Amino acid sequence: MSADFYKTKISNCHVIAGNEIFTEIAGYFDNYSLNRTDIVILLDENTKKYCLDILKEKTDLFEHAKIIDINSGEANKTLDTASYIWDKLSDMAADRHTLMVNLGGGVICDLGAFVASVYKRGLKFINIPTTLMSQVDAGFGGKSAIDFNGIKNLLGLFSDPVFVFVYPPFLNSLNTRDFYSGFAEIIKYSVISDVIQPDDLINFDIHNKVYLNKLIFKSIGFKSSIVNLDLRENGLRKILNFGHTIGHAMESFSLINDKNYLTHGEAIAIGIICETYLSVKKSGFPESFMHLIASVILQYFPKYSIKPADFIQLLGFMKHDKKNLAGKIKFVLMKAPGIAVFDQDCNKEEIAEALNYYAGL
Ligand code: GLY
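Quantities reported herein were computed from a predicted structural model and do not represent experimental measurements.

Caption draft 1: Layout of the overall build of the protein chain. Within the protein chain, the regular secondary structure consists of 14 helices and eleven strands. Burial statistics for the protein chain: of 361 residues in total, 57% are counted as buried. Within the protein chain, contacts between residues separated by at least 24 positions form 75% of all contacts whose residues are at least 6 apart in sequence. For the protein chain, the accessible surface area stands at approximately 14800 Å², while carbon and sulfur atoms represent 50% of it. For the protein chain, the distance from the average position of its 37 positive side-chain charges to the average position of its 41 negative side-chain charges is 4 Å.

Caption draft 2: Layout of the site of the ligand. Around the ligand sit Asp 137, Lys 143, Lys 223, Glu 233, Arg 237 and Leu 240, and that is every residue in its neighbourhood. Arg 237 is positioned with one of its side-chain polar atoms (N or O) 2.7 Å from an oxygen atom of the ligand. Across the complex, the protein chains shield 89% of the 200 Å² of accessible surface that the ligand would expose by itself. Split by residue class, the shell around the ligand holds one nonpolar, no polar and five charged.

Caption draft 3: Inspection of the packing of aromatic side chains at higher detail. Under the criterion given, the structure shown has 20 aromatic pairs. With centroids separated by 6.1 Å and ring planes inclined at 75°, the aromatic side chains of Tyr 28 and Phe 165 adopt a geometry described as edge-to-face. A residue pair is termed long-range when its members are at least 10 positions apart, and Tyr 28 in helix α1 (residues 22-31) and Phe 165 in strand β9 (residues 163-166) qualify at 137 residues. Classification of Tyr 28 as buried rests on a relative accessible area of 8%. Judged by its relative accessible area of 0%, Phe 165 is buried.

Caption draft 4: Region of interest: unusual backbone geometry. The residue Ser 33 is not glycine, and still its phi comes out positive at about 45°. As for its placement among the helices and strands, Ser 33 is situated in the loop between α1 and β3 (39-44). Of the residues examined, Ser 33 reaches a relative accessible area of 61% and is grouped as exposed. For Arg 121, which is not glycine, the phi dihedral falls at a positive 60°. Along the chain, Arg 121 falls in the loop between α5 (106-118) and β6 (124-129).

Caption draft 5: Highlighting the environment of Lys 238. Inspection of the secondary structure assignment puts Lys 238 in the loop between α9 (209-229) and α10 (244-257). Accessibility expressed as a relative area gives 13% for Lys 238, which makes it buried. When the C-alpha atoms of Lys 238 and Lys 323 are compared, they prove to be 7.8 Å apart, with 85 residues separating the residues in sequence. Residues contacting Lys 238, with those up to four places away along its chain left out, are Glu 233, Lys 323, Val 332, Phe 342 and Asp 343.

Caption draft 6: Broad picture of the side chain of Ser 283. Here Ser 283 lies in helix α11 (residues 264-283). Among the residues examined, Ser 283 registers a relative accessible area of 14% and is labelled buried. Not counting residues within four places of it along the chain, the set of residues in contact with Ser 283 comprises Leu 278, Leu 333, Met 334, Lys 335 and Val 341.

What counts and how
- Residues numbered from 1 in each chain as written.
- Predicted model: local features only at pLDDT ≥ 70, side-chain atom pairs only at ≥ 80, totals over all residues.
- Heavy atoms only, no water.
- Helix = DSSP H or I, 4+ residues; strand = E, 2+ residues; numbered from the N terminus.
- Buried < 20%, exposed > 50% of the residue type's maximum accessible area, 1.4 Å probe, protein only.
- Contact = heavy atoms within 4.5 Å.
- Areas by Shrake-Rupley, 256 points an atom, 1.4 Å probe, with all protein chains shown as cover.
- Lys, Arg positive; Asp, Glu negative; His and termini not counted.
- Charge placed at Lys NZ, Arg CZ, Asp CG, Glu CD.
- Near = heavy atom within 4 Å.
- Polar contact = N/O pair within 3.5 Å; in protein donor to acceptor, adjacent residues only side chain to side chain.
- Nonpolar A, V, L, I, M, F, W, Y, C, P; charged D, E, K, R; others polar.
- Phe/Tyr/Trp six-rings, centres within 6.5 Å; stacked < 30°, edge-to-face > 60°.

Here is the structure:
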């Protein structure tokens with residue numbers, strides 16, 4: 001795998017990653033007859049400050065783009081923010097020829113894709129993910145969503161961007177906390193695939209950009225291979241949700257209870273530990289691997305305090321998980337790295353045991 005460039009396709013969507021992508025962008029605009037004169041860029045205060053100028057320096061395609069900016073953070077992935085963007089699009093007289101560009105992390109990509117897909121029954125859009133989280137996961141794969149009534153991703157639809165452009169140097173502007181948020185998904189790939197190896201986690205070095213690009217490309221390659229086999233998450237794709245049943249509950253819980261709420265990756269890291277614990281208990285996942293994963297996570301992520309009194313609220317959030325069936329909380333558990341068992345029932349005592357395991361680390 002070259003360290004400079006990686007290209008793949010998910011359904012009809014091209015995903016192009018690397019430090020030299022900008023030499024390719026104009027060609028993609030031409031091949032797909034994308035509008036160069038009516039472009040709206042959705043961004044937040046961070047990508048406005050750190051990424052917009054780079055984008056404009058690298059290509060003149062976005063020189064005259066109109067801008068819609070919103071506040072960063074999961075707390076803004078709401079219907080109110082979506083309404084605000086629809087108002088702006090309407091004021092700008094955006095129509096079906098308008099191309100929307102989502103320049104940002106998971107929130108911008110999820111929300112922007114949702115807004116674009118619904119406005120006038122669908123605008124073409126491209127995602128330019130700028131965080132590690134969105135470059136290895138949220139920025140591609142055709143999911144769009146907003147949170148609703150405090151539940152993560154309650155409203156959303158499957159909808160493909162025309163392209164996804166992944167430019168790893170955007171990561172240079174991330175603070176350490178946001179950077180490691182994305183590392184949680186790379187840790188997840190080490191449990192659910194053999195593409196990321198334990199050595200990749202142990203030797204992880206935030207400063208080794210060549211190595212980081214390789215991890216990003218491997219992650220994109222693995223997720224693409226899964227999504228291409230199960231675009232609508234009828235079965236296999238659920239493996240990508242490993243760690244997310246408890247992780248999303250943690251995230252919703254923290255969003256309500258903490259001023260400085262957990263990042264998506266911090267919440268997912270807790271979910272990975274708990275669901276690895278459940279995998280050991282119920283599916284025979286190797287205990288030694290669980291200890292390795294827990295120690296890597298504790299090295300990079302702050303310990304979050306949860307008490308037994310919080311479990312009821314956390315279970316309440318898990319009841320909204322999209323994988324549930326007939327009111328039962330269903331988990332993806334692992335038998336071994338890369339080998340999943342789907343739709344596993346775990347009762348509340350088992351879930352509480354997993355949460356206690358994390359709390360006691
Ligand atoms: N983030 C999980 C998925 O795209 O299916």
